[in-house]
Amino acid sequence: MTTPTLVRQTRPKPTSRIPDRSIYERRESVVRSYARAIPRQFSRSDNVWMYDNQGGRYLDFLSGCSTLNYGHNHPALKQALINYISADGITHGLDLHTDAKAEFLEAFESLILKPRGLDYRAMFTGPTGTNAVEAAIKLARKVTGREMVIAFTNGFHGMTLGALACTGNAAKRTGAGVPLNHVSHEPYDGYHGPDVDTAALLERRLSDPSSGLDAPAAILVETVQGEGGLNTASPEWLRAIAEIAKRHGALLIVDDIQAGCGRTGKFFSFEGMGFMPDIVTMAKSLSGMGLPFALTLFRPELDQWSPGEHNGTFRGNNHAFVTATAALRKFWKDDAFEQDVQRKGQLLAQRLDAIAAEFGLSTRGRGMMRGIDVGSGETAAAITSACFAAGLIIETSGAHDEILKVLAPLIIDDAALSAGLDILEETVRTVLTGSYGVAAE
Ligand SMILES: *Cc1c(COP(=O)(O)O)cnc(C)c1O
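Rules behind the numbers
- Residues numbered from 1 in each chain as written.
- Predicted model: local features only at pLDDT ≥ 70, side-chain atom pairs only at ≥ 80, totals over all residues.
- Heavy atoms only, no water.
- Buried < 20%, exposed > 50% of the residue type's maximum accessible area, 1.4 Å probe, protein only.
- Helix = DSSP H or I, 4+ residues; strand = E, 2+ residues; numbered from the N terminus.
- Pairing = 2+ DSSP bridges.
- Right-handed = clockwise from strand over helix to strand, strands pointing away.
- Near = heavy atom within 4 Å.
- Polar contact = N/O pair within 3.5 Å; in protein donor to acceptor, adjacent residues only side chain to side chain.
- Areas by Shrake-Rupley, 256 points an atom, 1.4 Å probe, with all protein chains shown as cover.
- Nonpolar A, V, L, I, M, F, W, Y, C, P; charged D, E, K, R; others polar.
- Core = buried A, V, L, I, M, F, W, Y, C linked by side-chain atoms within 4.5 Å.
- Domains from an automatic or database assignment.
- Contact = heavy atoms within 4.5 Å.
- Axes fitted to C-alpha atoms, helices over the stretch in contact; angles between N-to-C directions.
- 1 Å grid on protein atoms, 1.4 Å probe; cavity = no way out; pocket = protein on both sides within 12 Å on 5 of 7 lines; lining within 4 Å.
- Points joined across faces, edges and corners; volume = space filled by probe spheres on them.

Caption draft 1: Region of interest: the pairing of strand β7 (residues 218–221). Judged by which residues are buried, β7 turns out to be covered on both faces: Ala-218 and Leu-220 on one side and Ile-219 and Val-221 on the other are all buried. The pairing of strand β5 (residues 149–152) with β7 spans two bridges and is classified as parallel. Residue pairing across strands places Ile-150 opposite Ile-219, the latter belonging to β7. For β7 and strand β8 (residues 251–255), the ladder comprises four bridges, and the chain directions are parallel. Pairing of Ala-218 across the sheet is with Leu-251, part of β8. Between the parallel pair β7 and β8, the chain is carried across by helix α10 (residues 235–247), and the sense of this crossover is right-handed.

Put into structure tokens, the structure is as follows:
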């Protein structure tokens, strides 16, 4: 059976006919990464599709690592931004009060915080996720007067020194070039298998004055580990961690940069679990249209900064405020979108479980953030490149890049979701039964 293909079903008018990409070899640093496995030059994108400059069309199951939860160039968001720019709205204003910022804060308060009974202050950090994490751990250290942060095995929190110290992956950590200190990486939920309660291990270490573990300023956790392999923490485990943080005077930080903004089926990935983080970091899909925008949220009592103590030129990305506000109004005014994401999350789970069952593999994840463990990075890479050849953009995650990670836009319709999963299914079958290479071209 040949792999179904999505490529070249339509031929959008190419914006450029020059397939020569040598400029990247000549001038772009070799640090580039995604472009290696996805060697095309893209011209435009809409909804769940990306188009290259040679007429190729690709279904996007990567979504900018969950930055494009509402798809590419959503018409409502795009129009709001066009209107704002056309009216000469403020583009850059440091952290000055602007109409766009006020509207965002009002919408965030009325559509997100109030309906969920959450009382958080919002801190606009520099516009990347890692900056929101830096602010969160800085604040926790300042408020508690402690240095040590507890992070977890396979956690990913960003690439600047403080956040990188909290990140598990050795290849990423090596890039620091200096010791990454003041963080202890404790086993995440399930790290030692289903029978070992790693929250109890942590409690034991923290309550034993001879364990060697210093009293922590914060416990930093992802409810689903996006880059670390789609490992999920159970609500019970997370509640236990929240209790441990409270008991030991540490602040609980949930890094919701990848799992937030609806990815798990709720706006915040920790909703309905019976605990409230002290601090929450957000970025990726927050602007809704892929514009850089990050927030650190915290309980009002923790707002102990001095003015300008954590600063940044691009804290007020007004264009991102505009698209973020439009996204909140469009998708979060009632629970219809959440319901739909939860429904599609079930569909996705069923399809991935069926593929995994056929080959004795296992699945991971929650909501619309799920994947299949195919056992090795080589196998996963063979599958993702065959998917790409068939018109599906999909990436991997995990300690060995062994998890095929489905991060389809949340707005995807059932037909496109099925079409993408058909390709994934056939490709997994083709690669795992060794017939890849025959079907690929
Ligand atoms: C992507 C990510 C970050 C870092 O965000 P950047 O914008 O790349 O700095 C931090 N934490 C998690 C969970 C992420 O997925």
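Caption draft 2: View of the site of the ligand. The local shell around the ligand consists of Thr-128, Gly-129, Thr-130, Phe-156, His-157, Gly-158, Glu-222, Asp-255, Ile-257, Gln-258 and Lys-284. Separating a nitrogen atom of the ligand from a side-chain N or O atom of Asp-255 is a distance of 2.7 Å. When the ligand sits alone it has 390 Å² of accessible area, and the protein chains cover 82% of it. In terms of residue class, the shell around the ligand is built from two nonpolar, six polar and three charged.

Caption draft 3: Broad picture of the nonpolar core. Core analysis: the biggest nonpolar cluster contains 89 residues, and Phe-61, Phe-108, Ile-219, Phe-268 and Leu-424 have the highest contact counts within it. At eight residues, helix α11 (residues 318–331) tops the list of elements feeding residues into this core. Formed jointly, this core draws a minimum of three residues from each of two domains, domain 1 (5–66 + 336–432) and domain 2 (76–331). Residues contacting Phe-108, with those up to four places away along its chain left out, are Leu-113, Phe-267, Phe-268, Leu-295, Leu-297 and Leu-328. The next biggest cluster of nonpolar side chains, apart from the first, holds 29 residues, and it includes Ala-140, Ala-176, Ile-253 and Ile-257.

Caption draft 4: Representation of the sheet that holds β5. Ordered in space as β4-β10-β9-β8-β7-β5-β6, the seven strands form an open sheet in which the pairing is mixed. Edge strands, defined here as strands with exactly one partner in the open sheet, are β4 (121–124) and β6 (183–186). On average, each strand axis in the sheet is tilted by 20° relative to the strand beside it, whichever way the strands run. Note that strand β9 (residues 279–282) and strand β10 (residues 295–298) share four bridges and pair antiparallel. Along β10, the bridge assignment pairs Ile-279 with Phe-298. Across the sheet, helix α5 (residues 99–113) lies against β4 and β10, angled at about 145° from β4, the strand it touches most. Lying over the sheet, α10 contacts β5, β7 and β8, oriented at roughly 160° with respect to β7.

Caption draft 5: Structural view of the layout of surface pockets. Size it by volume and the second largest pocket reaches roughly 710 Å³. Arg-121, Ala-122, Met-123, Phe-124 and Asp-303 are the residues nearest the centre of the second largest pocket, which is lined by 25 residues in total. When contributions to the lining of the second largest pocket are tallied by element, the ones reaching two or more residues are α5 and β4. Broken down by element, the lining of the second largest pocket gets its largest block of residues, six residues, from α5.

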